[in-house]
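# Notes for the structure review
What follows is each chain in one-letter form.
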Amino acid sequence: MIEVREATKNLAAEIACLIMTAMTDDCCLYFCGEGYELEDFRKMMTILVEREDSQYSYQNTLVAMDADKVVGISVSYDGERLHELRHAFIEAAKEHIGKDHSGMDDETQAGELYLDSLAVLPEYRRQGIARKLLLATKERANLLGLPRVGLLVDKDNPVGEALYTSVGFQYVNDNQWGGHPMKHLIL
């Protein structure tokens, strides 16, 4: 039985790996400076998940658990707090992956709970776990008093887009993130 619940700090390493799954290896490498690799990015992401002042914090994460194993994640935060929360990523990137991302475009704005990362382990896909995480994320938005959930989906990810639209997300506009053309959807 899969249970969706709030994440805890001790799950940081598993959460970081799933965030990287959501981002894709190409995107993670896009964020790395010259001479840095996926392992450097993973170490940085684990540190960011452990923090409380990061957009990737365990406090912003819902986990889908199969007993004591993290099988899926949903990382979301109040879009109004983007710059405040992104500061941790910018500083960590300078230190751990040798790149300054202080000029990064905004992927969200005030008035939405931004769904930053959604991922399910490959062997657990097609079991309704992503849908459970999406519905729990919408409930989180309701509890925070935010009128909508927003996300970016890669234009080359029709399977992901179909999942989002199947639970009610609608296209708003185009965007760019991590070197990829994206669609901005809201629920």
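In what follows, the accompanying structure is described. Everything numeric here is computed off the predicted structure, so don't read it as measured data.

### Considerations on the pattern of salt bridges
- In this structure the tally under the stated criterion is 11 salt bridges.
- Connected via shared salt-bridge partners are R86, D106 and E107.

### Structural notes on the side chain of S54
- Structurally, S54 can be placed in the loop between helix 3 (38-50) and strand 2 (61-66).
- Polar side-chain contacts of S54 include one of 3.3 Å to the backbone oxygen of L48.
- Residues within four places of S54 in sequence aside, it is in contact with L48, N60, L85 and A88.

### Overview of the pairing of strand 5 (residues 148-154)
- The buried fraction of strand 5 is high, at 6 of 7 residues.
- As paired elements, strand 4 (residues 112-120) and strand 5 share 4 bridges and run parallel to each other. When the bridges of strand 5 are listed, E112 appears paired with R148.
- In this fold, the crossover linking strand 4 to strand 5 by way of helix 5 (residues 129-144) has right-handed handedness.
- Alignment of strand 5 against strand 7 (residues 180-186), held across 5 bridges, turns out to be antiparallel.

### Focus on the nonpolar core
- Counting 62 residues, the largest nonpolar core has F41 and M45 as the members making the most contacts within it.
- Ranked by residues supplied to this core, first place goes to helix 1 (residues 12-23) with 7 residues.
- Not counting residues up to four positions away in its chain, the partners in contact with M45 are A16, I19, M20, M23 and Y56.

### Section: the state of the cysteines
- As enumerated under the stated definition, the model contains 0 disulfides in all.
- Unpaired in this structure, C17 has its nearest cysteine sulfur neighbour in C28, at a distance of 10 Å.
- In this model C28 remains outside any disulfide bridge; the closest cysteine sulfur is found in C27, 6.0 Å from its own.

Cut-offs and rules
- Residues numbered from 1 in each chain as written.
- Predicted model: local features only at pLDDT ≥ 70, side-chain atom pairs only at ≥ 80, totals over all residues.
- Heavy atoms only, no water.
- Salt bridge = Lys/Arg side-chain N within 4 Å of Asp/Glu carboxyl O.
- Helix = DSSP H or I, 4+ residues; strand = E, 2+ residues; numbered from the N terminus.
- Polar contact = N/O pair within 3.5 Å; in protein donor to acceptor, adjacent residues only side chain to side chain.
- Contact = heavy atoms within 4.5 Å.
- Buried < 20%, exposed > 50% of the residue type's maximum accessible area, 1.4 Å probe, protein only.
- Pairing = 2+ DSSP bridges.
- Right-handed = clockwise from strand over helix to strand, strands pointing away.
- Core = buried A, V, L, I, M, F, W, Y, C linked by side-chain atoms within 4.5 Å.
- Disulfide = S-S within 2.5 Å.

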